[in-house]
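Structural overview for review
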Amino acid sequence: MQRKTRQRAAILETLARQAEFRSAQQIHEQMRSDGETVGLATVYRNLQALSSSGRLDVLIAADGEALYRQCEDTGHHHHLVCRECGRTVEFLAPKLENAMTAIAEEHGFTDLDHTLEVFGLCAEHAQLAADDGGDAR
């Protein structure tokens, strides 16, 4: 059972106002600009505890940095993430889940766990890329 602390509540409140995945540094900067007096180490420690308990989703960016987001769906789900703006959409994929279970069973694997993030361009950035005549990356 996690302790309820003022810092943890402030982190959750900050994340509740964010739609995209954010790094610990970005969350810390936002909290400081909101007037919170919290250290970066405290933010890291609380983000780790909150993600371990399932309260936050963690996404590992292409550069290896952990990004955090408070998810709308507390059950198992996946994400579509815009490479340009970070806009994130949660989705369920029961057919994919069934296929992964069948593949695992075929190879003798049990006690499965996985994450799935699909990266692309949101509709706005896809349109911008089309208007520019190419990829927005």
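The structure contained in this document is the topic of the report that follows. (Residues numbered from 1 in each chain as written. Predicted model: local features only at pLDDT ≥ 70, side-chain atom pairs only at ≥ 80, totals over all residues. Heavy atoms only, no water.)

Quick word on helix α2 (residues 24–33)
Among the residues of α2, those classed as buried are Ala24, Ile27, His28 and Met31. Taken down its axis, α2 places every buried residue within 100° of arc, on the same side. Those residues of α2 that are exposed and aimed more than 90 degrees away from the buried face are Glu29 and Ser33. Contact partners of the buried residues in α2: α1 (6–16), β1 (22–23), α3 (40–52) and β3 (66–69). With its phi angle positive at about 95°, Gly35 sits one or two positions after the end of α2. (Buried < 20%, exposed > 50% of the residue type's maximum accessible area, 1.4 Å probe, protein only. Helix = DSSP H or I, 4+ residues; strand = E, 2+ residues; numbered from the N terminus. Arc of directions from axis to C-beta. Contact = heavy atoms within 4.5 Å.)

Details of the nonpolar core
Ile11, Leu15, Ile27, Met31, Val43, Leu47 and Leu56 are the most contacted members of the largest nonpolar core, which has 13 residues in total. Elements represented by at least two residues in this core include exactly α1, α2 and α3. If sequence neighbours within four positions are ignored, Met31 has contacts with Gln7, Ala10, Ile11, Thr14, Glu36, Val38 and Val43. (Core = buried A, V, L, I, M, F, W, Y, C linked by side-chain atoms within 4.5 Å.)

Quick notes on the layout of surface pockets
One number sums up the size of the largest pocket: a volume of about 320 Å³. Lining the largest pocket are 17 residues, with Leu59, Ala61, Leu67, Arg83 and Phe119 positioned closest to its centre. Within the residue set of the lining of the largest pocket, elements represented by two or more residues are β2 (57–60) and β4 (78–82). Here the second largest pocket defines a volume of roughly 250 Å³. For the second largest pocket, the lining is made up of 14 residues, of which Asp57, His76, His77, His114 and Thr115 are closest to its centre. Partitioned by chemical class, the residues of the lining of the second largest pocket number 3 nonpolar, 8 polar and 3 charged. (1 Å grid on protein atoms, 1.4 Å probe; cavity = no way out; pocket = protein on both sides within 12 Å on 5 of 7 lines; lining within 4 Å. Points joined across faces, edges and corners; volume = space filled by probe spheres on them. Nonpolar A, V, L, I, M, F, W, Y, C, P; charged D, E, K, R; others polar.)

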